[in-house]
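Notes for the structure review
If you want the building blocks of each chain, they are given just below.
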Amino acid sequence: MASLCRQIIRGNAVRSVLFSTARRGYADKMMADPLEHATGIERQELLAMQAGNDDPFNMKVLKKAAGTRENPTLVPSCFDARIVGCICEEHATAVTWLWLHKDNPRRCECGHWYKLVEKQPLH
């Protein structure tokens, strides 16, 4: 460890002061990896992100597909039902909310179709 000793003269007294360039015992310590101490749902999220799934809880905004009855926008869910918000027009200031149920495609007021598809939950 590199240290530097200086003498400080104040009035008639001479004092020696020791300055250290590295804090003793802390220079080689690093923060622990968050995965080492994460538990529960946080650990599952970190493992999913490590595996390449950047949206493990399906929270990102979906792009609308064709939206026809034959080719609806697919909405993934781990449950039998999910609420979906449709922005009917590009510059709309309101969101139209609708419930989607398993095996039951649903049409929004604007005419766009949505369908719930099964997605496996995080384990």
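Residues numbered from 1 in each chain as written. Predicted model: local features only at pLDDT ≥ 70, side-chain atom pairs only at ≥ 80, totals over all residues. Heavy atoms only, no water.

What follows concerns the UniProt feature "binding site: Zn(2+)" (unreviewed entry) in the chain. What UniProt calls "binding site: Zn(2+)" (unreviewed entry) maps, in this numbering, to Cys 86, Cys 88, Cys 108 and Cys 110. Across 25 residues in sequence, these annotated residues keep their C-alpha atoms within 8.7 Å of one another, forming a single compact spot. Along the chain, Cys 88 turns up in the loop between strand E4 (81-86) and strand E5 (96-101). When residues no more than four places from it in sequence are discounted, the contact partners of Cys 88 are Lys 64, Thr 96, Cys 108 and Cys 110. One can find Cys 108 in the loop between strand E6 (106-107) and strand E7 (113-118). (UniProt positions renumbered as here; feature names shortened; annotations may be inferred. Helix = DSSP H or I, 4+ residues; strand = E, 2+ residues; numbered from the N terminus. Contact = heavy atoms within 4.5 Å.)

This brings us to the sheet that holds strand E3 (residues 73-77). Taking strand neighbours across the sheet as the criterion, the 3 strands line up as E3-E7-E6 in an open arrangement whose pairing is mixed. Looking at the sheet topology across the chains shown, the edges are occupied by E3 and E6. In terms of strand pairing, E3 meets E7 through 5 bridges, oriented parallel. In the sheet register, Pro 76 faces E7, and the bridge partner there is Val 117. (Pairing = 2+ DSSP bridges.)

Attention shifts here to the pairing of E5. Of the two faces of E5, only the one carrying Thr 96, Leu 98 and Leu 100 is buried; Trp 97, Trp 99 and His 101 on the other face are not. In the sheet, E4 pairs with E5 via 6 bridges, with the strands oriented antiparallel. Residue pairing across strands places Cys 86 opposite Thr 96, the latter belonging to E5. (Buried < 20%, exposed > 50% of the residue type's maximum accessible area, 1.4 Å probe, protein only.)

On the secondary structure map, Cys 110 appears in the loop between E6 and E7. For Cys 110, a relative accessible area of 37% puts it in the partly exposed group. Among all residues touching Cys 110, those that are not within four sequence positions of it are Lys 64, Cys 86 and Cys 88.

This next bit is on a nonpolar patch on the surface. Side chains of Ile 83, Ile 87, Val 95, Trp 97 and Trp 99 sit close together on the surface and give an oily, nonpolar patch of about 530 Å² of accessible area. When you line up the elements, Trp 97 lands in strand E5. (Patch = residues over 30% accessible without salt bridge, like charges linked within 9 Å, V, L, I, M, F, W, Y side chains within 5 Å. Areas by Shrake-Rupley, 256 points an atom, 1.4 Å probe, with all protein chains shown as cover. Salt bridge = Lys/Arg side-chain N within 4 Å of Asp/Glu carboxyl O.)

A separate point is the side chain of Asp 55. Within the secondary structure, Asp 55 sits in the loop between helix H2 (40-50) and E3. Of the side chains with opposite charge, Lys 60 comes closest to the buried, unpaired Asp 55, at an N-O distance of 5.9 Å. Only 2.9 Å separates the side chain of Asp 55 from the backbone nitrogen of Met 59, close enough to count as a polar contact. (Lys, Arg positive; Asp, Glu negative; His and termini not counted. Polar contact = N/O pair within 3.5 Å; in protein donor to acceptor, adjacent residues only side chain to side chain.)

Counting 8 residues, the largest nonpolar core consists of Val 75, Val 84, Cys 86, Leu 98, Leu 100, Cys 108, Tyr 114 and Leu 116. Broken down by secondary-structure element, the contributors of at least two residues to this core are E4, E5 and E7. (Core = buried A, V, L, I, M, F, W, Y, C linked by side-chain atoms within 4.5 Å.)

Following the sequence through the fold, Thr 73 ends up in strand E3. At 3.0 Å, the side chain of Thr 73 forms a polar contact with the backbone nitrogen of Ala 65. Sequence-distant contacts of Thr 73, that is, excluding residues within four places in its chain, are made with Lys 63, Lys 64, Ala 65, Gly 67, His 112, Trp 113, Tyr 114 and Lys 115.

The share of residues in the chain with pLDDT of 70 or more is 76%, and the mean pLDDT across the chain is 80. Strand E1 (residues 3-10) is the least confidently modelled element of the chain, averaging 49 in pLDDT, while E5 averages 95, the highest of any element. A low-confidence stretch, residues 1-5 stays under pLDDT 50, and its non-local contacts, those more than four residues away or across chains, total 13 contacts. (pLDDT = per-residue confidence, 0-100.)

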